[in-house]
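# Understanding the architecture of this molecule
Each chain, written out:
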Amino acid sequence: MGAVGLLYVGAVLFLNGMMLLKKVEPRAAGVFNLFVGGMQVVTPTVLIIANLSRPAEILSASGIYLFGFTYLYVGVNLLGGFDSTGVGYFSLFVAIMALGYSYANFRLLGDPAFGVIWLYWSFLWFLFFVLLGLKRTQITRYTGWVTAIQGWVTGAIPAFLILTGNWRNPSLYAIILAVFGVVVFAGLWPLTREREPAAATPDEELGGRDRTHRPRWT
């Protein structure tokens, strides 16, 4: 993925994370998703046209469309107020394909750091599937934090290191990212996961009153 495009992937993931954490209004986030989504469709098209005789470059560029179409889809959904199920099941497709791109980076492209980063993205898009496709809203806060954090550690920071010529030891970065991901995302789970709503009692179903018929405020 081009470093400039990766930088803005970081930006939109951070913004979407803040939206899930209710810090950003959804329609405002939708506009920026369209900007980045358009960019992430134009960029791989240009890269592929410029590298028609270089299969490795085409392979690398092809994965960018997964992001571009996701952000365009999310932007349209947020601005139009459409149901999220389509985005959710497309996210499942992306999560599965991301495993393939992780393998390609480890074994074919010789970039273990981005092999780990693609695993991060597979995990994140699977969370989108659970949240948006299966409507498991109790993971909203967890998904928001994971999204915002990944905006920095898989997007903005690697992009800046590449642009400044400091992306020099992919094997070391792969180890750091792997350890960071396991520790942070596992640690976030018990801190942010919301409990499923408890089943209503018969008294609550009949009007929210207890057995003494006094209003229940809890």
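Look above for the structure.
In what follows, the accompanying structure is described. (Residues numbered from 1 in each chain as written. Predicted model: local features only at pLDDT ≥ 70, side-chain atom pairs only at ≥ 80, totals over all residues. Heavy atoms only, no water.)

### Regarding the packing of helix α1 (residues 3-20) against helix α4 (residues 64-80)
Running from amino to carboxyl end, α1 crosses α4 at an angle of 35°, the nearest separation of the two axes being 12 Å. The way α1 lies across α4 gives a crossing that is left-handed. For the pair α1 and α4, contact is made by Val9, Val12, Leu13, Asn16 and Met19 and by Phe67, Tyr71 and Leu78, respectively. Of the residues that constitute the contact of α1 with α4, the class distribution is 7 nonpolar, 1 polar and no charged. (Axes fitted to C-alpha atoms, helices over the stretch in contact; angles between N-to-C directions. Helix = DSSP H or I, 4+ residues; strand = E, 2+ residues; numbered from the N terminus. Left-handed = near helix turned anticlockwise from the far one by under 90°. Contact = heavy atoms within 4.5 Å. Nonpolar A, V, L, I, M, F, W, Y, C, P; charged D, E, K, R; others polar.)

### Looking at unusual backbone geometry
The phi dihedral of lysine 22 is positive, around 65°, even though this residue is not glycine. Assignment of secondary structure puts lysine 22 in the loop between α1 and α2 (26-50). A positive phi angle, near 65°, is found at lysine 135, a position not held by glycine. Positionally, lysine 135 belongs in the loop between α6 (112-133) and α7 (140-163).

### Quick look at the side chain of asparagine 16
Among the structural elements, asparagine 16 can be located in helix α1. With sequence-adjacent residues up to four places away left out, asparagine 16 is seen in contact with Ala29, Asn33, Tyr71 and Thr147.

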